[in-house]
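Tertiary structure, described
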Amino acid sequence: GNGTNATAKSIEMSILMLRDEEMKVTQKLALQLKRAIEAAVVLVHPDWASTGAVGEEIQAFSDFLVYALDSDSVLGHWAVAVFDEASGFVDVYRGRHYGKIYPPIKVKRRSGENG
């Protein structure tokens, strides 16, 4: 009846709202990641910020990944695959600390242990 139709519409609306929220979270995360990568670039090339090579309105390039992956930040522990839809190629980048524990931990030894 009419109640079933209203419930279906309500569920459909909830799904659309969830997709919208998911998109907002994805966009926010992507912007934070872009900023973290650009911060690593600017540490190595401070002049690039003033010349406009990096910034809010400038598209980030996958070439910038090497700066972040070479850093001591959490990004240095990542491996990243970039898929180029136009060419069909995949570039794989591996962080300097990939496979190591993050954050680094210090193991306390008991007195009397050798090591």
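Residues numbered from 1 in each chain as written. Predicted model: local features only at pLDDT ≥ 70, side-chain atom pairs only at ≥ 80, totals over all residues. Heavy atoms only, no water.

Regarding the overall build of the protein
Across its full length, the protein holds three helices and two strands. In sequence order, the protein lays out its α and β elements as α-α-α-β-β. Its C-alpha atoms give the protein principal-axis dimensions of roughly 75 × 55 × 30 Å. Taken over 115 residues, the protein has a buried fraction of 16%. A separation of at least 24 residues holds for 35% of the contacts in the protein among residues at least 6 apart in sequence. (Helix = DSSP H or I, 4+ residues; strand = E, 2+ residues; numbered from the N terminus. Buried < 20%, exposed > 50% of the residue type's maximum accessible area, 1.4 Å probe, protein only. Contact = heavy atoms within 4.5 Å.)

What about a nonpolar patch on the surface?
A cluster of nonpolar residues, L33, V74, W78 and Y102, forms a patch on the protein surface that exposes about 340 Å² of accessible area. Residue classification places L33 among the partly exposed residues on the basis of a relative accessible area of 32%. (Patch = residues over 30% accessible without salt bridge, like charges linked within 9 Å, V, L, I, M, F, W, Y side chains within 5 Å. Areas by Shrake-Rupley, 256 points an atom, 1.4 Å probe, with all protein chains shown as cover. Salt bridge = Lys/Arg side-chain N within 4 Å of Asp/Glu carboxyl O.)

Let's talk about a negative patch on the surface
Residues D63, D84, E85 and D91 make up a contiguous surface patch of negative charge. Mapped onto the secondary structure, D91 falls in strand β2 (residues 90–94). Using a relative accessible area of 39% as the deciding quantity, one classes D91 as partly exposed. (Lys, Arg positive; Asp, Glu negative; His and termini not counted. Charge placed at Lys NZ, Arg CZ, Asp CG, Glu CD.)

Observations concerning the pairing of strand β1 (residues 79–83)
Put simply, side chains in a regular strand alternate between the two faces of the sheet. Both β1 and β2 contribute to a ladder of five bridges, which runs antiparallel. Bridge pairing in β2 links V80 to Y93. What sits between β1 and β2 in their antiparallel hairpin is a turn of six residues, with G88 showing a positive phi close to 85°. (Pairing = 2+ DSSP bridges.)

Considerations on the confidence of the model for the protein
In this model, the protein carries a mean pLDDT of 86, and residues with pLDDT of at least 70 account for 94%. Mean pLDDT in the protein bottoms out at helix α1 (residues 2–44), which sits at 88, and peaks at β2, which reaches 94. (pLDDT = per-residue confidence, 0-100.)

Some points on the side chain of E38
Along the chain, E38 turns up in helix α1. When neighbours within four sequence positions are excluded, E38 is seen to be in contact with V54, G55, I58 and A60.

What about the side chain of K34?
Position of K34 among the secondary structure elements: in helix α1. Given a relative accessible area of 17%, K34 falls into the buried group. Polar side-chain contacts of K34 include one of 2.8 Å to the backbone oxygen of G55. For K34, the residues in contact, after removing those within four places along its chain, are G55, E56, I58 and A60. (Polar contact = N/O pair within 3.5 Å; in protein donor to acceptor, adjacent residues only side chain to side chain.)

Details of the nonpolar core
Among the nonpolar cores identified, the biggest contains 11 residues, and these are I37, A40, V41, V54, F64, L65, A68, L69, L75, V80 and Y93. Only α1 and α3 (65–69) provide two or more residues apiece to this core. Leaving out residues up to four positions away in the same chain, L65 has contacts with I37, V80, V82 and Y93. (Core = buried A, V, L, I, M, F, W, Y, C linked by side-chain atoms within 4.5 Å.)

Topic: the pattern of salt bridges
This structure, assessed with the given rule, holds six salt bridges. K34 serves as the salt-bridge partner of E38, at 2.8 Å between the closest nitrogen and oxygen. One end of the pair is E38 and the other is K34, both in helix α1 and four residues apart, which spans about a single turn. Across the pair, exposure class does not vary: E38 and K34 are buried alike. Taken together, the shared-partner salt bridges in this structure form one network comprising D20, E21 and K24.

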